[in-house]
Amino acid sequence: MSMGQIMFMLLGPLEIRADGRALKLGSPRQRTILTMLLLAPNRVVSVDSLIEAVWPQGAPTTARNQVAICVAGLRKVFKDAVGTADLIVTSHPGYTLRSLGHRIDVVDFEERVARARDAAGAGRTAEACDLFAEAITLWRGRALDGVTGSRIEEEAARLEEARLDAYEQHAGLQIQLGRHHALLSELSALVKAHPLREQSRAHLMLAHYRSGRRAEALAVFREGRDLLVEELGIEPGPVLQGLHDLVLRDSPELTQPLANPAPSPSTDVPAQLPVDSASFTGRAGELRALDRMLDERLGRSPLAVAAISGVGGVGKTALAVHWANQVAGRFPDGQLFTDLRGYDEKDDPVPPAAVLDRFLRALGVAGPQIPADLDNRAALYRSVLSGKRVLIVLDNARSFQQIRPLLPGSGRCCVLITGRDGIDDLIGDYAVLQIGLNVMAPDEAAALLAEVAGEARIGADPAATARLGVLCDRLPLGLRIAGARLAAKPHWSVRSLVSRLENQRRRLDELSPREGGVRASFRLSYRDLPPAAQRLYRRLGLLTVPDFAAWVGAALLDITDPVEAENLLEQLVDAHLLEVAWGSGPATRYRFLDLLRLFSWECAQAEEGEEERAAALERAYSGWLTLVDAARQRVYGGSHSMAYGPVRRFPLPEELVDELLEDPMAWLESERTAITDVIHQAAESDHSAYAWGLTFSGTVLFEAHNYLEDWHSCAMSALVAARRAGDRLGEANMLRSLGTLAIYQRKYQEAQPSLLLALKLFEECGEVHGHALVLRNLAICSRFAGDLGAARREAGQALEGFRKAEDLAGESHLLGLSAQIELELGNVPGGIALCREAIAKSREAGSTRGEMQNVYRLAEALMRQGDPAAAERACFEALALTRAESDRLGEGHALRGIGEARWRLGDPEGAEPVLRQALEAAEEVADRFLGARIQADLGCARLVGGEPRAAVDLLRSALEVFEELGAWTWRQRTSRILAAVDADGDPDGSGLRPAMSAGDLVVLMESR
């Protein structure tokens, strides 16, 4: 079937249409799950969120399984309808609905509303009206009508609020266009339905007034005031109060304005705004926020104030000047502008008294009348501005003390402030719109480059343009310099400039012409930091990690109080030299823009000695090793301590370690990229013990979450570093790690050379624990190859080593492995006894992961004993443990075991969906052996269900993988089943046995 388009409609009763046909969904659970996915298109929705939405009062123990079944059902609906099998994909820790060109009315609505607001902000009022109308017509009734649950009701309420906001903005634009007569009935109905919405009531008042119905306008206000006082005990807000006062006075301000008034030329009012940049682009969201602030506050109390903050070069002044020029026409009494030079390398900040002198003269006050005293001068300034509409732009402000005398007392004025730091002292006394200006979006950055360097030049190589934006950190200052360089060098391509900027050590030079540009802008912020914050900033630049927590700052500074380090980091955030890296994890994380990282590295090279830099880095490596090792021990279990060689341990407070590692796997996940970067940096800087120690401990994360590329690259880097340093213990550990990785990837023959060399090195070092780990892995290889005698010997020797090293978790794993070997040797009672001993030992060690693996092994033993019902119960227990640990591979094994138990019980229909879930997990973690075992179980389920032809295809596919991987035991079992099914041995399958009982299959599988 060819791919068709699906229309998902949530703005009313949930409705799905495929190529014009309505699709029927199944249960209410399916509708709820689909709704949750549609409300977050192209983003991961966790299984926990879906469970909470479906079962808000408490979920059953089978909730995850039921969610998976519902998702499978939805996938089938969409595949049958339009032939798409990948609309809903599994994405840890849940699912993602990929839009893939299909339409979602909520997305269409939000996109049209955003475009409408952009058009309104740019003065295209009629176009904005049309776009709002298109957005509103998408609604068919109450959002998500018929889908229940508290989470859904919250989303429905949010969407309804967005609809009302859009309607109000649409109505306001229509009033601007003179359509007040046509709006009266609609606005009356809206106010009746939502009597407490003050903006709707204000629109109705204005529509009445402009229609010549002054009395009706006042009556609408009185009704609203009575309701607010009676129901909420509050007076109307400034919007209604201000409008009411204007109506009472028949103010000329209520007459029909132009949709986009332009400033009238005048010689007797100040017009000090700088010329707007011809290349200004982007910042649509910030411009909308400023427009909204002006609409809501101008002419009312409190004073309309906006403060734009951000790092040097981010475009604060450009935004302020652009917006000020756009709205200048709303300030007929003038526009004042001053550069306060709060962050100037050569001059001191301009004192407020000097600014007041200039402003008062511009407002018509004669020089002799200006008081000398600052307070009296500020009082005169407020008096002159009283009753006037003046726009005041205070650029490059340093502090509240510098700007406070420059704030007018009249709400008819508007003040726009820019500065590198947010002026927090304004909050409370003034209703301040705070805009933290960030770097530009990719499309905005490309547009700015095109404005400076030329559209044809920039558009000719989109990939190089995107990379150029990244290398400039999408900072407007850097982008303008890069664009200007291209404009000045017509023989350069965009790619030529990109290649020059790729060199990190030259990048700041390229973007800092004539001692100015980006470097000079950063230097101003750095210069004004306290000495301790400066020291932390430059040492952070020595690290290559993408983000970091406060304890890293403590290690770099060699202080033990992480709160002190956090305070310094927050100073760097306030100075816009660092950003907060929003994300998951137990601690706040911080990050650099790349250009700021390069600048901090330069500061460290210039101001720190080589020994100081090396010591700071080693303390940071030590802190990571301390935490990663502690996380490994908590996950691994037991009390065995690992010897890492010549490393130091940075003394992190115990309470901090406990706080960070409350969920050790979650912490490891939050630090994954940082850990891998530190491993590579330590390896390159000849700190091999830290590199291989972090790799050893970090393997608990790499293995559980299937980060196999990270595992391999870290182990290889650490191995090279260990060999370069002559570190035999490190070399042995990394050879063992690479061998373990090969086993994890089912490459058993590739594993053995590394393991045998590691075994020799551990013997030479006298390292008992490492020796036992290698023997365990060799036993796994022998078992997989079918040499059970060798596997039994190697496992026995490894068990002795773990007991000698007092590693309870290792001992429990070996007992479980020995149990598997005994089962395959036919010693079922002995295997079950070892499984139970392994479970007890893993619980003694506190190893949840070990317990899960051993419970699963017990399930397999119970299968062999002929008790699939008990095996299924054990698999469910293992499943719960794997999901608690977010272990997707373990989840796949447990689900596979449940599926096998069910077909052994003669329930192929119950086995199939669980095995399909298991196959999804195996494919996610790319475990071909597990995938082949699941295919074999699916084949067995099909045989028991009377579908031999489908069963043969599945079994043959599994057999190919077993043969390729050298899985001797499973190759034999699968071959026996195929031989029994294909009774006549003919290739076309005409002689296939029609069905096979579960008992017959079990006999075939377990015969020796």
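Residues numbered from 1 in each chain as written. Predicted model: local features only at pLDDT ≥ 70, side-chain atom pairs only at ≥ 80, totals over all residues. Heavy atoms only, no water.

Things to note about the overall build of the chain
Here comes step 1: For the chain, the count of helices and strands is 46 helices and 15 strands.
Here comes step 2: A burial count over the chain gives 56% of its 1008 residues as buried.
Here comes step 3: Contacts in the chain between residues far apart in sequence, at least 24 positions, make up 68% of those at least 6 positions apart.
Here comes step 4: Accessible surface computed for the chain: about 42,000 Å², of which carbon and sulfur atoms make up 50%.
Here comes step 5: Across the chain, the mean location of the 114 positive side-chain charges is 3 Å away from that of the 139 negative side-chain charges. (Helix = DSSP H or I, 4+ residues; strand = E, 2+ residues; numbered from the N terminus. Buried < 20%, exposed > 50% of the residue type's maximum accessible area, 1.4 Å probe, protein only. Contact = heavy atoms within 4.5 Å. Areas by Shrake-Rupley, 256 points an atom, 1.4 Å probe, with all protein chains shown as cover. Lys, Arg positive; Asp, Glu negative; His and termini not counted. Charge placed at Lys NZ, Arg CZ, Asp CG, Glu CD.)

Here we look at the sheet that holds strand β5 (residues 88–91)
Here comes step 1: Read across the open sheet, the three strands follow the order β4-β6-β5; overall the sheet is antiparallel. In this open sheet, the two edge strands, each paired with only one partner strand, are β4 (44–46) and β5. Averaged over all neighbouring strand pairs, the angle between strand axes comes to 35°, with direction disregarded.
Here comes step 2: Bridge count for β5 against strand β6 (residues 94–97) is four bridges, and the pairing is antiparallel. Across the sheet, Ile-88 pairs through a bridge with Leu-97, a residue of β6. (Pairing = 2+ DSSP bridges. Axes fitted to C-alpha atoms, helices over the stretch in contact; angles between N-to-C directions.)

Considering the environment of Val-774
Here comes step 1: Locating Val-774 in the fold gives a position in helix α35 (residues 768–785).
Here comes step 2: The spacing of Val-774 and Leu-557 is 217 residues in sequence and 40 Å in space, taken between C-alpha atoms.
Here comes step 3: Each residue touching Val-774, except ones within four places of it in the same chain, is listed here: Arg-736, Leu-755, Ala-758, Leu-759 and Phe-762.

Focus: a nonpolar patch on the surface
Here comes step 1: A grouping of Leu-196, Leu-232 and Ile-234 is seen on the molecular surface, where their side chains present a nonpolar patch of about 240 Å² in accessible area.
Here comes step 2: Position of Ile-234 relative to the elements: it lies in the loop between α9 (214–232) and α10 (238–248). (Patch = residues over 30% accessible without salt bridge, like charges linked within 9 Å, V, L, I, M, F, W, Y side chains within 5 Å. Salt bridge = Lys/Arg side-chain N within 4 Å of Asp/Glu carboxyl O.)

Thoughts on the pattern of salt bridges
Here comes step 1: If you walk through the whole model with that rule in mind, you get 66 salt bridges.
Here comes step 2: Residue Arg-112 is joined to Glu-134 by a salt bridge in which the shortest nitrogen-to-oxygen separation is 3.2 Å. Placement of Arg-112 in helix α4 (residues 105–121) and of Glu-134 in helix α5 (residues 125–137) is noted, with a sequence separation of 22 residues between them.
Here comes step 3: Note that Asp-937 is salt-bridged to Arg-896, the shortest N-O span being 2.6 Å. Of this pair, Asp-937 sits in helix α43 (residues 928–944) while Arg-896 sits in helix α41 (residues 888–904), and the two are 41 residues apart along the sequence. Both residues of the pair, Asp-937 and Arg-896, belong to the buried class.

Observations regarding the packing of aromatic side chains
Here comes step 1: For the structure shown, the criterion picks out 18 aromatic pairs.
Here comes step 2: The interplanar angle of 50° and the centroid separation of 5.8 Å between the aromatic rings of Tyr-644 and Trp-692 together place this pair among those described as tilted. Taken together, the residues Tyr-644 in the loop between α27 (610–636) and α28 (654–660) and Trp-692 in helix α31 (residues 688–704) connect sequence positions 48 residues apart. The pair formed by Tyr-644 and Trp-692 is uniform in burial state, with each residue classed as buried.
Here comes step 3: A connected cluster of aromatic rings, assembled from ring pairs, spans Phe-522, Tyr-526, Tyr-537, Phe-548, Phe-592 and Phe-599. (Phe/Tyr/Trp six-rings, centres within 6.5 Å; stacked < 30°, edge-to-face > 60°.)

Things to note about the sheet that holds strand β13 (residues 548–549)
Here comes step 1: Pairing within the open sheet is antiparallel, and its three strands lie in the order β13-β15-β14. Each edge of the open sheet is held by one strand with a lone partner, namely β13 and β14 (579–580).
Here comes step 2: Relative to strand β15 (residues 589–591), β13 runs antiparallel, the two being bridged by two bridges. Directly across from Phe-548, in β15, lies its bridge partner Tyr-590.
Here comes step 3: Of the strands in this sheet, β13, β14 and β15 touch helix α25 (residues 562–574), which is tilted by about 40° from β15.

Looking at helix α34 (residues 748–765)
Here comes step 1: The end-to-end C-alpha distance of α34 is 25 Å, a good match for the 26 Å that 18 residues give at a rise of 1.5 Å each.
Here comes step 2: Of the surrounding secondary structure, the elements contacted by the buried residues of α34 are α33 (728–744), α35 and α44 (948–965).
Here comes step 3: Residue Gly-766 follows α34 closely and has a positive phi angle near 70°. (Expected span 1.5 Å × (residues − 1).)

Thoughts on the packing of helix α24 (residues 550–557) against α27
Here comes step 1: The geometry of α24 relative to α27 is characterised by a closest axis approach of 7 Å and an angle of 135° between their N-to-C directions. In terms of axis orientation, α24 runs oblique to α27. Where α24 crosses over α27, the two elements pack in a sense that is right-handed. Seen from α24, the contacting residues are Trp-551, Val-552, Ala-555, Leu-556 and Leu-557; seen from α27, they are Ala-616, Arg-619, Ala-620, Gly-623, Trp-624 and Leu-627.
Here comes step 2: Classifying every residue of the contact of α24 with α27 gives nine nonpolar, one polar and one charged. (Parallel < 35°, antiparallel > 145°, perpendicular 65-115°, else oblique. Left-handed = near helix turned anticlockwise from the far one by under 90°. Nonpolar A, V, L, I, M, F, W, Y, C, P; charged D, E, K, R; others polar.)

Points about unusual backbone geometry
Here comes step 1: Residue Asp-558 is not a glycine yet carries a positive backbone phi of 60°.
Here comes step 2: Position of Asp-558 relative to the elements: it lies in the loop between α24 and α25.
Here comes step 3: In this structure, Asn-706 takes a positive phi of about 65° despite not being glycine.
Here comes step 4: Note that Asn-706 resides in the loop between α31 and α32 (708–725).
Here comes step 5: Here Asn-706 falls in the buried class, since its relative accessible area comes to 16%.

Side note on α27
Here comes step 1: Between its first and last C-alpha, α27 extends 38 Å over 27 residues, near the 39 Å set by a 1.5 Å rise per residue.
Here comes step 2: A positive backbone phi angle near 95° is found at Gly-637, which sits one or two residues after α27.

A short note on the packing of helix α2 (residues 47–54) against helix α3 (residues 63–82)
Here comes step 1: Where α2 meets α3, the closest approach of the two axes is 10 Å, and the angle between their N-to-C directions is 95°. Here α2 lies roughly perpendicular to α3, going by the angle between them. Only Ala-63, Arg-64 and Val-67 of α3 make contact with α2, whose side of the interface consists of Val-47, Asp-48, Leu-50 and Ile-51.
Here comes step 2: For the contact of α2 with α3, the class distribution of residues is five nonpolar, no polar and two charged.

A short note on the pairing of strand β9 (residues 335–339)
Here comes step 1: Within β9, four of the five residues are buried, which leaves the element mostly enclosed by the surrounding structure.
Here comes step 2: Bridge count between β9 and strand β10 (residues 391–395): five bridges; the pairing is parallel. Note that in β10 the partner of Phe-337 across the bridge is Val-393.

Re the confidence of the model for the chain
Here comes step 1: Confidence along the chain averages 85 in pLDDT terms, with 94% of residues attaining 70 or more.
Here comes step 2: Counted against residues more than four places away or in other chains, residues 984–989, with its pLDDT under 50, gives four contacts. (pLDDT = per-residue confidence, 0-100.)

Quick look at a negative patch on the surface
Here comes step 1: Negative charge collects at one region of the surface, where Glu-654, Glu-655, Glu-659, Glu-662 and Asp-663 lie side by side.
Here comes step 2: Structurally, Glu-662 can be placed in the loop between α28 and α29 (664–670).
Here comes step 3: The class for Glu-662 is exposed, based on a relative accessible area of 74%.

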